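Observations on chain architecture
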Amino acid sequence: MSKPTPLLPESDAREAALFFVVAALCFLAVLATLTARGTYTAAQAWSAQVEGEMTVRLSDTDRRGADEAASLIRGLDGVTRADVLSHEEMERLLEPSFGPGGIPAGVPLPLLIAVETTPDSVTTAASVTNTLTSAGYTAVAESHSDYAAEARRALGTLRVAAIGVVVLLTATAIAVIAFATHAALLARKDIVDVLHLAGAEDRFIAQLFERRFWTLGLKAGAAGSVFALAVTALIVFSAQSAGAQSQLLPQLSLDFWDFVILVVTPIAAGLAARTAAGGTVNHALKAVL
Amino acid sequence: MNRFRPDMTGEPAVELNGVSLRYDTADEVLSDLDIRLKPGSFTFLTGASGAGKSSLLKLLYLAHAPTHGEVRLFGLQTSALKRRQLSALRRRIGVVFQDFRLLDHLTAFENVALPLRVLGQKESDYRDEVVDLLRWVGLGERMHALPRSLSGGEQQRLAIARALINKPDLLIADEPTGNVDPEMGQRIFRLFVELNRRVGTTVIIATHDLALIREFDAPVLRLQHGLIVRDVEHQPA
Ligand SMILES: Nc1ncnc2c1ncn2[C@@H]1O[C@H](COP(=O)(O)OP(=O)(O)O)[C@@H](O)[C@H]1O
Ligand SMILES: [Mg+2]
């Protein structure tokens, strides 16, 4: 004989609606997490790269003076490179401002020295400025990591916001599922009553609903996560193929943690659904003799 | 005092002491009832529509707790039982509901097997038993039909089969001939009598079918406005 018909009838329209809501919530949660994580990773890579880079701006001197200043810097502790930017390099740097025609004659240009130090170097922007000033130059050195620190602060805020969004979405999902289970329970009160009066224990009846909603949560969560992954990939791919400078765009390199998020989300959705269903059913049963 | 105490020895199967029932804030539906039913007894419960028959039966099959008084089943005081013990007690009671309460997505076979699935039994274990019972109530050919495709009388007999599959110690039937013609009504009553005589099941049947009551030799509890007004003794034909 074939498998017995489930005691709880197969899903109806109400469950399709719930499936959609849970999938959508999981989609948003995974999208928020993946984007925040991607942005964070990219920003960390960027700030690690600019760590140890600085630019020295000289005024009141000529190219020869700049070369002498550069060799002075090269003599400092931990400095791996100090080069005066050539006219071509300056033109490339300023092309966005002046266009491909080059820098018009007569525009006063500062002389710039690009400096790189080892990451643990004691030579800071301040010490470079001091050295040059005492040697009689009018110079200002700026460390690129100063910008990175600001970016990192902004990213910290972003991370807190992302966690908040995920928590909010999870709570919403649980509330929606509890509500939906309650509705399903009322709709199938005939079944619950008959089972109850036939001597079924609360555990038995609760399990029927728990199993149903666990599966629903799991499937909806998986659908939402996979869709979120696809959308994230699409965003990154289209941004990259548009040739944008992708350093600060979310980097989607499916690493271990992204994988964990994709696996954990459906399980969390399933567990949330299961717990909400079990709680609702038990609560309803306690109200009858 | 409304007291009905047949001669008896041993623990009553059903015992109500000073039982009253009130739904929400409405008037009392049952007032200060004292009832004792011996194990193996066969009792009719009668009274006009709205007299409280179904309400009294609900107390007996543990769907509702009384507002006052105590309900004892097989010597157990039900208000003192834990939820699991109540579930276990319900398994000793077979109920034929006035509105059947068949599950519309399950076949006739599966509806009858329901109380056994609740116990965690496998189909291979109960299959023959269920088939035999369905044949006994005359539904051997309709095993795979859904309830909505059955006639009123067939649904009634299906509900009876489901109430009996557990071999209950107490069978409670609420107007079990309400939806069938007199001939089928007689067949159903004979089924209950057979069960009572052969297996010793305690049977209580709510009905207002006086013709049928007259035909079967059993004591009658008459309810009127929530009171037991009389124990109609069997009139010899
Ligand atoms: N669940 C309920 N809530 C409120 N009143 C009810 C409920 N069930 C029955 N009643 C009332 O209790 C009285 C007795 O009903 P019932 O026990 O069904 O009588 P009978 O089965 O003898 O026709 C009726 O007045 C009915 O309206
Ligand atoms: Mg009734």
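Coordinates for the structure precede this section.
Here is a short report on the structure shown in this document.

Rules and cut-offs
Residues numbered from 1 in each chain as written. Chains lettered and ligands numbered in written order. Predicted model: local features only at pLDDT ≥ 70, side-chain atom pairs only at ≥ 80, totals over all residues. Heavy atoms only, no water. Contact = heavy atoms within 4.5 Å. Buried area = accessible area lost by both parts, 1.4 Å probe. Salt bridge = Lys/Arg side-chain N within 4 Å of Asp/Glu carboxyl O. Polar contact = N/O pair within 3.5 Å; in protein donor to acceptor, adjacent residues only side chain to side chain. Helix = DSSP H or I, 4+ residues; strand = E, 2+ residues; numbered from the N terminus. Nonpolar A, V, L, I, M, F, W, Y, C, P; charged D, E, K, R; others polar. Core = buried A, V, L, I, M, F, W, Y, C linked by side-chain atoms within 4.5 Å. Buried < 20%, exposed > 50% of the residue type's maximum accessible area, 1.4 Å probe, protein only. Near = heavy atom within 4 Å. Areas by Shrake-Rupley, 256 points an atom, 1.4 Å probe, with all protein chains shown as cover. Pairing = 2+ DSSP bridges. Axes fitted to C-alpha atoms, helices over the stretch in contact; angles between N-to-C directions. Phe/Tyr/Trp six-rings, centres within 6.5 Å; stacked < 30°, edge-to-face > 60°. Lys NZ or Arg CZ within 6 Å of the ring centre and 35° of its normal.

**Re the interface of chain A and chain B**
Contact with chain A, which involves 26 residues of that partner, is made by 28 residues of chain B. Between chain A and chain B, roughly 2,400 Å² of surface is buried when both sides are summed, and carbon and sulfur atoms account for 60% of that area. Inspection of the chain A/chain B interface yields three salt bridges. Of the charged contacts, one joins R83 of chain B and D202 of chain A as a salt bridge, the two residues approaching to 2.6 Å between their closest N and O atoms. Across the chain A-chain B interface, the total number found is 11 residue pairs in polar contact (both at pLDDT 80 or more). Those elements giving two or more residues to the side of chain A that touches chain B turn out to be α6 (189–197), α7 (202–241) and α8 (256–286) of chain A. Broken down by element, the residue count for the side of chain A that touches chain B peaks at seven residues, all from α6 of chain A. Across the side of chain A that touches chain B, the residue classes tally to 16 nonpolar, four polar and six charged.

**Topic: the nonpolar core**
Residue and element names in this part refer to chain B. Among the nonpolar cores identified, the biggest contains 44 residues, and F44, V130 and F192 are the most heavily contacted of them. Counting residues per element, the ones that place at least two in this core are β4 (42–46), α3 (108–118), α4 (123–136), α5 (152–164), β8 (170–174), α6 (182–199), β9 (202–206) and α7 (210–215). Excluding its chain neighbours within four sequence positions, the residues that come into contact with F192 are F42, I160, L171, A173, P176, V203 and I205.

**Re the environment of K219 of chain A**
With respect to the element layout, K219 of chain A can be found in helix α7. When the C-alpha atoms of K219 of chain A and G270 of chain A are compared, they prove to be 7.9 Å apart, with 51 residues separating the residues in sequence.

**Concerning the site of ligand 1**
All names here are of chain B. Around ligand 1 lies a shell formed by Y23, V29, A48, S49, G50, A51, G52, K53, S54, S55 and K58. Interatomic distance of 3.0 Å between a backbone N/O atom of G52 and an oxygen atom of ligand 1. Within the contact set of ligand 1, an oxygen atom lies 2.8 Å away from a side-chain nitrogen or oxygen of S54. Expressed as a share of its isolated accessible area of 560 Å², the protein-covered part of ligand 1 is 58%. Per-element tally for the shell around ligand 1: the top contributor is helix α1 (residues 53–60), with four residues. For the shell around ligand 1, a count of residues per class yields four nonpolar, five polar and two charged.

**With respect to the sheet that holds strand β4 (residues 138–143) of chain A**
Residues and elements named next belong to chain A. Pairing is antiparallel in the open sheet, where four strands are placed in the order β2-β3-β1-β4. Edge positions in the sheet fall to β2 (79–84) and β4, since each has one partner strand and no second. Sheet twist, expressed as the mean angle between neighbouring strand axes with direction ignored, is 20°. Note that strand β1 (residues 53–59) and β4 share six bridges and pair antiparallel. Of the residues in β4, the one forming a bridge with R57 is V140. Where helix α4 (residues 125–134) meets the sheet, its contacts fall on β1 and β4, and the angle it forms with β4 comes to roughly 170°.

**A short note on the packing of aromatic side chains**
The way to describe two aromatic rings as a pair is by their centre distance and the angle between their planes. Residue and element names in this part refer to chain B. One pass over the full model with this rule turns up seven aromatic pairs over all chains. Aromatic pair F42 and F44: ring centres 5.5 Å apart, planes at 75°, arrangement edge-to-face. Its relative accessible area of 9% is what places F42 among the buried residues. Measuring from centroid to centroid gives 5.4 Å for Y61 and F97, while their planes differ by 90°, and the two rings are edge-to-face. Placement of Y61 in the loop between α1 and β5 (68–73) and of F97 in the loop between β7 (93–96) and α3 is noted, with a sequence separation of 36 residues between them. Y61 sits in the buried class, given a relative accessible area of 6%. Given a relative accessible area of 5%, F97 falls into the buried group. Each member of the aromatic cluster is reached from another via a ring pair, and the members are F42, F44, F189 and F216. The ring of F74 has R92 sitting right over it, with the charged end atom 3.9 Å from the ring centre. Of note, R101 hangs over the ring of F97, and the distance from its end group to the ring centre comes to 4.5 Å.

Geometric values such as these leave the question of function open.
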